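Remarks on the overall topology
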There are 2 protein chains.
Amino acid sequence: MSTTVPHPTRIVEVRRSLLKANDLRARELRRRFEHAGVRVISLVSSPGSGKTELLEILLTRLTAAGAPAAALVGDLATDNDAARLARSGAPVRQINTGSLCHLEARMIEDGIAGWDLDQLDVLFIENVGNLVCPSAYDLGEAERWVLLSVTEGEDKPLKYPTIFNTADLAVITKLDLAAATGCDLDRLRANIAAVRPGMATVEVSARTGAGLASLLERTRAAA
Amino acid sequence: MSTTVPHPTRIVEVRRSLLKANDLRARELRRRFEHAGVRVISLVSSPGSGKTELLEILLTRLTAAGAPAAALVGDLATDNDAARLARSGAPVRQINTGSLCHLEARMIEDGIAGWDLDQLDVLFIENVGNLVCPSAYDLGEAERWVLLSVTEGEDKPLKYPTIFNTADLAVITKLDLAAATGCDLDRLRANIAAVRPGMATVEVSARTGAGLASLLERTRAAA
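The sections below set out a description of the structure shown in this document. (Residues numbered from 1 in each chain as written. Chains lettered and ligands numbered in written order. Predicted model: local features only at pLDDT ≥ 70, side-chain atom pairs only at ≥ 80, totals over all residues. Heavy atoms only, no water.)

1. Regarding the nonpolar core
Among the nonpolar cores identified, the biggest contains 48 residues, and V146 and F164 of chain A together with V146 and F164 of chain B are the most heavily contacted of them. Among the secondary structure elements, those contributing two or more residues to this core are β5 (143-149), α6 (161-165), β6 (169-173) and α8 (185-195) of chain A together with β5 (143-149), α6 (161-165), β6 (169-173) and α8 (185-195) of chain B. Beyond its immediate sequence surroundings of up to four residues, V146 of chain B is in contact with V44, L131, I163, F164, A167, L169, A170, V171 and M199 of chain B. (Core = buried A, V, L, I, M, F, W, Y, C linked by side-chain atoms within 4.5 Å. Buried < 20%, exposed > 50% of the residue type's maximum accessible area, 1.4 Å probe, protein only. Helix = DSSP H or I, 4+ residues; strand = E, 2+ residues; numbered from the N terminus. Contact = heavy atoms within 4.5 Å.)

Listed below in structure tokens is the structure:
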């Protein structure tokens, strides 16, 4: 960022203190989550990659299986996602960021206020749709999943390498549309491997159900 | 942004001076573009909405029609887009932003260095794929187009209102996939109108060619 501003030193300094404050909060959150035995998974992706749709399925199945799960969902505006996810029966809270392009640890602290973490197995955090900025902010999660739909083009891992490098799992979504969009899955897989050799990847379709069992297993095994 | 930091006043101050410096540069750029008679159109959208594919078609058709056009393309990493767009025969330059999530006027200044603006009718600027941050940065463009593909869900205008409010035209892309993705076009149109009543909208498909003539006409009429 230092080349973009009239006073680079000052900006970098302020940004560092910002990130440091966030990191301290995230570390404290992580400690609380571990102490309560709740597994926290954050989801990052472009807008429209299918985070909410996937989350609705996971919450519904976990709830039905007697595994208490909850979710915090971030958006600049609207509480559409929270309303949609609440249909799963799980506790869900919306975080509106206004003009801010990412979630920060402070918002997670506020978001879980009043929730009994001891009663939860899994907590999902759905970040604002953005393939760039969320990568820099630790939210205290145990695992970060980056979602990428087959409609977005095979080159996205190469163009947005940072977010793949800060995530623990790549989830390729909307698998049912691969043929219609002409997505070359082998190339997409190769591009993920190019920016992050050996990265764990799961391929899913919310429509056909493909891959959901293994994703659910990963969630529950981790919990 | 003020609620997210330990020293809100200081951050807001730095951010304002940043934006002000950018605005001054953008104003100067706009003056240069107008003086040279070059129409500058910037494209913003999520990653994978089809900016580059659309741009390749527009550049190819403009070049074939004897209307000199050029493009600057922004990405965090890779020069894939520039290489792809160069096939059109038009002058194209890649801007790599590193970890920065948007283009700034300063980068446009550098990007056009050495180009004879008097020889151009149209200059396209393809921003980094991001529906949030680019909205705050004036690039000296005459017109800003926000692209949204039918695969991203009808709710995106409601969730990312700022970018729609700073754009002059909404371009709905990948129209050919509307049926396969189950996109409710009426709802999408209504959501655009809800955040920006009366917003000009063009619906296109790079595959079938639908809508491209009217988009091209808008480009050339404007030039």
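2. Points about the sheet that holds strand β2 (residues 69-75) of chain B
Strand pairing in a sheet is mediated by backbone hydrogen bonds. Such pairs are either parallel or antiparallel. Residue and element names in this part refer to chain B. Strands sit in the order β3-β2-β4-β1-β5-β6-β7 across an open sheet of seven strands; the sheet is parallel. Every interior strand has two partners, whereas the edge strands, β3 (92-96) and β7 (200-203), have only one. Shown here is a sheet whose adjacent strand axes are inclined to one another by a mean of 20°, direction ignored. As paired strands, strand β1 (residues 39-44) and strand β4 (residues 122-126) are joined by five bridges and run parallel to one another. When the sheet's bridge partners are listed, I41 is paired in β4 with F124. Its contacts with the sheet put helix α2 (residues 51-64) on β1, β2, β3, β4, β5 and β6, and the angle it makes with β4 is roughly 170°. The sheet strands contacting α8 are β5, β6 and β7, and the helix crosses β6 at an angle near 160°. (Pairing = 2+ DSSP bridges. Axes fitted to C-alpha atoms, helices over the stretch in contact; angles between N-to-C directions.)

3. What about the pattern of salt bridges?
Side chains bearing opposite charge may pair, as long as their charged atoms lie close to each other. In this structure the tally under the stated criterion is 36 salt bridges over all chains. In this structure, the salt-bridge partner of E143 of chain A is R39 of chain A, at a minimum N-O distance of 3.2 Å. Here R39 of chain A lies in strand β1 (residues 39-44) and E143 of chain A lies in strand β5, a separation of 104 residues in the sequence. Judged by its relative accessible area of 9%, E143 of chain A is buried. Residue R218 of chain B is joined to E143 of chain B by a salt bridge in which the shortest nitrogen-to-oxygen separation is 3.0 Å. Here R218 of chain B, found in helix α9 (residues 212-222), pairs with E143 of chain B, found in strand β5; they are 75 residues apart in sequence, far enough to count as distant. One network of salt bridges, in which partners are shared, links D75 and D81 of chain A together with D155, K156 and K159 of chain B. (Salt bridge = Lys/Arg side-chain N within 4 Å of Asp/Glu carboxyl O.)

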